[in-house]
Amino acid sequence: AMTDPGFSHRAQSKMSAAAFSLSARAAVATRVTAPVQQRRAAVSTETRAAMTDKEKRRQKRHTKIRAKLSGTAERPRISVYRSNQHTYVQVIDDENQKTLCAIGTMSSSIKEVVGKEEWKTKTVDAARAVGAALGATMMEKGIKTAVFDRGGFVYHGRVKAVAEACREAGVEF
């Protein structure tokens, strides 16, 4: 109809206005006649902060480290995680995807040694106590050698204290 020479623009605009008004009326009619249903949005109780650049860089370093080392049943991986408040260590057999033993500054046995005050769990002495306890547990289970995974953290401070205390307990890595 648009290419028809007898078709005027005025007729086109009247037609589109009429079509619009019909569709608008139909939309209003369906809105009025349709039963009102309240849809509740799924409320998430979990709050997730965006990962900081520092944490992204640490995870990238950890991924590179993990590409090069893996734990076995005979020689498991000692994985260290250092949060602002605590230090956590796990001994992992990656082939069977099993955690052989785990300890951290949250455990009651470490808090007895270090102290119950909040600030005492984030010290190098607390990390040293964790390393010593981990080494003792590993020796009890008969694990004498391991691979050390610093978890993307710098081998310094608490991470180094865990490693050295574990070595002093008799574990080789």
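Definitions and cut-offs
- Each chain has its residues counted from 1, following the order in which its sequence is written.
- Restriction of local features to residues with pLDDT of at least 70 applies here, the model being predicted, together with a cutoff of 80 or more for giving and counting side-chain atom pairs; totals for whole chains, interfaces and linings are based on all residues.
- Side-chain figures throughout are based on the complete set of non-hydrogen atoms in the structure, without hydrogens or water.
- Any carboxyl oxygen of Asp or Glu that lies within 4 Å of a side-chain nitrogen of Lys or Arg is treated as forming a salt bridge with it.
- To qualify as a helix, a DSSP run of H or I must reach at least 4 residues; to qualify as a strand, a run of E must reach at least 2; elements of each kind are numbered from the N terminus.
- The classification of residues rests on relative accessible area computed with a 1.4 Å probe and restricted to protein chains. Under 20% of the type maximum is buried, over 50% is exposed, and intermediate values are partly exposed.
- One fewer than the residue count of a helix, multiplied by 1.5 Å, yields its expected span.
- Every residue pair with non-hydrogen atoms within 4.5 Å of one another is taken to be in contact.
- Nonpolar cores were defined as sets of buried Ala, Val, Leu, Ile, Met, Phe, Trp, Tyr and Cys residues, with membership established by side-chain atoms within 4.5 Å.
- We treat two strands as partners when DSSP finds at least two bridges between them.
- Structural elements are reduced to axes, namely lines fitted to C-alpha atoms, with helices fitted over the stretch in contact, and the angle between N-to-C directions of any two is expressed from 0 to 180 degrees.
- Throughout this description, a polar contact denotes any pair of N or O atoms lying within 3.5 Å of each other; where both atoms belong to protein, one of them has to be capable of donating a hydrogen while the other can accept it, and for residues adjacent in sequence the pair is counted only when both atoms sit in side chains.

Visitor: I keep staring at the pattern of salt bridges and nothing clicks. Help me out?
Guide: Close approach of charged atoms allows side chains with opposite charge to pair. Evaluated as defined, the whole model comprises six salt bridges. Linking R66 and D94 is a salt bridge whose minimum nitrogen-to-oxygen distance equals 3.7 Å. One end of the pair, R66, is in helix α2 (residues 53–68); the other, D94, is in the loop between β2 (87–93) and β3 (98–104), with 28 residues separating them in the sequence. Given the relative accessible area of 18%, D94 is considered buried. The salt bridge involving E117 is made with K120; its shortest N-O contact spans 3.5 Å. In this structure E117 comes out as partly exposed when scored by relative accessible area, which is 40%.

Visitor: Got a minute to help me understand helix α4 (residues 124–140) in this structure?
Guide: Since there are 3.6 residues in each turn of an α-helix, residues three or four apart along the chain are aligned in direction. Taking 1.5 Å as the rise per residue, α4 with 17 residues should run 24 Å; its terminal C-alpha atoms sit 24 Å apart, in good agreement. Taken together, the buried positions of α4 are A126, A127, A129, V130, G131, L134, G135 and M138. Buried residues along α4 sit against β1 (77–82), β2, β3, α3 (108–114) and α5 (158–168).

Visitor: So what exactly am I meant to see when it comes to the nonpolar core here?
Guide: The tendency in soluble globular proteins is for nonpolar side chains to be buried side by side. Ranked by internal contacts, the top residues of the largest apolar core, which has 24 residues, are I78, V89, V91, L134 and M138. Elements with a contribution of two residues or more to this core: β1, β2, β3, α3, α4 and α5. It is α4 that contributes the most residues to this core, six residues altogether. Here V91 is in contact with P76, R77, I78, K98, T99, L100, C101, L134, M138 and I143, once residues within four sequence places are set aside.

Visitor: Is there a simple way to think about the sheet that holds β3 in this case?
Guide: Neighbouring strands of a sheet are bound in pairs by backbone hydrogen bonds; such pairs are parallel or else antiparallel. Read from one edge of the open sheet, four strands run β3-β2-β1-β4, paired in mixed fashion. Here the strands that pair on one side only, and so sit at the sheet edges, are β3 and β4 (147–149). Within the sheet, the average angular offset between the axes of one strand and its neighbour, ignoring direction, is 20°. Where β1 meets β4, three bridges bridge the pair, whose relative direction is parallel.

Visitor: What exactly am I supposed to notice about the environment of T121 here?
Guide: As for its position among the elements, T121 is in the loop between α3 and α4. The sequence separation of T121 and N84 amounts to 37 residues, and the corresponding C-alpha distance is 9.6 Å. In terms of polar contacts, T121 uses its side chain to reach the backbone carbonyl oxygen of Q85, at 2.9 Å.

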